[in-house]
Amino acid sequence: MKNLISILILGLGLQLAQAQGIDFFHGSFEEAKTEAKAQGKLIFMDAYAVWCGPCKMMTNKVFPQEKVGDFFNKNFINMKVDMEKGEGVDLRRQYGVSAYPTLLLIDGNGEVVQQIRGARDADGLIDWAKKAALPNPGLTQKLQEKYDDGDRSPSLMRDLIKVKAAYNDATNSLMEEYINGLSEEEKVATENADFIFDQTNAINSLGLKVLKDYEEYFTDIKGADVLDRKISGIAKNSGTQAIKDGNKEQLDEVLAFLKEYKPANYKELSSELMVNFYGKNEDWSNYDKAVTKHLAKFKKGDDKSYRDVAWNYYMNIEDPASLRKAEQWMQNNIKASNSYENNLTQAYLLYKLESFSEAEDAVNYALILAGEDKKTKNAQILKDQILKKLKKTETVE
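Described in the following lines is the structure provided in the data block. (Residues numbered from 1 in each chain as written. Predicted model: local features only at pLDDT ≥ 70, side-chain atom pairs only at ≥ 80, totals over all residues. Heavy atoms only, no water.)

### Focus on the environment of Ala122
You can see Ala122 is positioned in helix α7 (residues 122–133). Among the residues examined, Ala122 registers a relative accessible area of 6% and is labelled buried. For the pair Ala122 and Ala132, spaced 10 residues apart in the sequence, the C-alpha separation amounts to 15 Å. The residues touching Ala122, leaving out its near neighbours within four places in the chain, are Val62, Gln65, Lys67 and Val68. (Helix = DSSP H or I, 4+ residues; strand = E, 2+ residues; numbered from the N terminus. Buried < 20%, exposed > 50% of the residue type's maximum accessible area, 1.4 Å probe, protein only. Contact = heavy atoms within 4.5 Å.)

Now the structure itself:
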């Protein structure tokens, strides 16, 4: 069993490793711009072509790395766009992409902040993104000198906070001074309201009180959905960090934040964060309980979600009752979608449950469904292991 699992980690199990890397946005470019504005971030775009070797190298070896994911997920809305199909064709013309990969940093208005051509290793990619997103050091010094000389004008305060934040310097005291220095009318002036909205990116952000006090204004100007995504994005980013750190106290603060601000998806997001926390910290007993409730409440009929969780059970859970439950999920999946992936996942679970004859039937049927278009190496490996087990059983009998 251990040998089989080690092989599968390189195959289907790759999804577990990739989850540590860059989390790419799956909506349209217009939706990405809206999300960038809502979260006060730039868009990182990987402009690629399917035939490009260096593009494949970055996809397989650079983007999945944990340190790359940590930096890019925190600082950017990340997109991969095939420049030769769909909206990529128009984006290629718009941004003059003529070599692959082209890596771009784009603001929420669609303006290019920085771009480079060619592949980079993990450290090179992070260094480029850090430098490209940082303001000129000379500008920072000039703004600080004006502040030290007593300038507290809203425009100066906005610029100083922005450059300090870009360098990850503490800005809470500056933000407090800035907000407290605004009159009620000034707080809803476009330049101040937009700035406060953009700079509100954590559950302890001082701008949250302004967003709450002037909720009707921000809803009218930004739209209810944008304000909703802002709150959800704050919770998701903070919750993801708490999960990575294994910090339950911090996660509880995020859950309390969601309960207070109640974005449209707050119940589902709260449930998802708890599931991910238990999984990340290998608390498989609580994971089993939490994910079972999550699937039943929020993922009914979602073929892929059930299959991904069933695979996680195969990889990490030993309790036979839980494994049988996951196998039943696959039976239900197969009734709705009799696919290669569903039958193969069922075969893995049956193998782990030592139901070898049933596992053989499932893997054989998966291979039939695969035809010539799918890569079936994992299925063949599993089938060989099942046949070995069946022979051993027959010998004993």
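Once the structure has been displayed, the description carries forward.
### Brief notes about the state of the cysteines
Summed over the entire model, instances satisfying the criterion amount to 1 disulfide. Two residues share a disulfide in this structure: Cys52 and Cys55, whose sulfurs sit 2.4 Å from each other. Between Cys52 and Cys55 the sulfur-sulfur dihedral comes to about 85°; the bridge is accordingly right-handed. The exposure classification of Cys52 matches that of Cys55, with both residues buried. (Disulfide = S-S within 2.5 Å.)

### Side note on helix α19 (residues 303–316)
Taking 1.5 Å per residue, 14 residues should reach 20 Å; α19 reaches 20 Å between its end C-alpha atoms and fits that length. Buried residues of α19: Ser305, Tyr306, Arg307, Val309, Ala310, Trp311, Asn312, Tyr313, Tyr314 and Met315, and no others. (Expected span 1.5 Å × (residues − 1).)

### Brief notes about unusual backbone geometry
At the junction of Tyr100 and Pro101, the peptide bond is cis and its omega measures out at -10° in the coordinates. Here Pro101 shows up in the loop between α6 (88–95) and β3 (102–106). A positive phi angle, close to 45°, is found at Lys262, a residue other than glycine. Given a relative accessible area of 47%, Lys262 falls into the partly exposed group. In this model, Glu282 sits at a positive phi of 55°, which is unusual for a non-glycine residue. Here Glu282 is to be found in the loop between α17 (266–280) and α18 (284–298). Relative accessible area serves as the criterion here: at 59%, Glu282 is assigned to the exposed category.

### Describing the packing of aromatic side chains
Tallied over the full model, the rule gives 22 aromatic pairs. Taking 5.3 Å as the distance between ring centres and 40° as the angle between the ring planes, the aromatic pair formed by Phe72 and Phe76 counts as tilted. The class for Phe72 is buried, based on a relative accessible area of 0%. Phe76 gets classed as buried once you look at its relative accessible area, which sits at 4%. Here Phe197 and Phe218 contribute two aromatic rings whose centre-to-centre distance is 6.2 Å and whose plane-to-plane angle is 25°, an arrangement assigned as stacked. Of the two residues, Phe197 is situated in helix α12 (residues 190–199) and Phe218 in helix α14 (residues 215–222); the sequence distance between them amounts to 21 residues. Taken as a pair, Phe197 and Phe218 share a single burial class, namely buried. Three or more aromatic residues joined by ring pairs make a cluster, and in this case those are Phe24, Phe44, Phe63, Phe71, Phe72, Phe76 and Trp128. Taking the ring centre of Phe24 as reference, the NZ or CZ of Lys80 above it sits at 5.6 Å. (Phe/Tyr/Trp six-rings, centres within 6.5 Å; stacked < 30°, edge-to-face > 60°. Lys NZ or Arg CZ within 6 Å of the ring centre and 35° of its normal.)

### Here we look at the pairing of strand β4 (residues 112–117)
The sheet contact formed by β3 and β4 spans 5 bridges and is antiparallel. For Leu104, the partnering residue across the bridge sits in β4 and is Gln115. (Pairing = 2+ DSSP bridges.)

### Observations regarding the sheet that holds β3
Strand order in the open sheet formed by 4 strands is β2-β1-β3-β4, with mixed pairing between adjacent strands. Edge positions in the sheet fall to β2 (76–82) and β4, since each of these pairs with one other strand and no more. Pairwise comparison of adjacent strand axes, ignoring direction, gives a mean angle of 15° for this sheet. Both strand β1 (residues 42–48) and β3 contribute to a ladder of 5 bridges, which runs antiparallel. (Axes fitted to C-alpha atoms, helices over the stretch in contact; angles between N-to-C directions.)

### Quick look at the pairing of β3
The element β3 is extensively covered by neighbouring structure, given that 5 of its 5 residues are classed as buried. What you see with β3 is no split at all: Thr102, Leu104 and Ile106 on one side and Leu103 and Leu105 on the other are buried throughout. Hairpin connection, β3 to β4: the antiparallel pair is bridged by 5 residues, and Gly110 has positive phi, about 90°.

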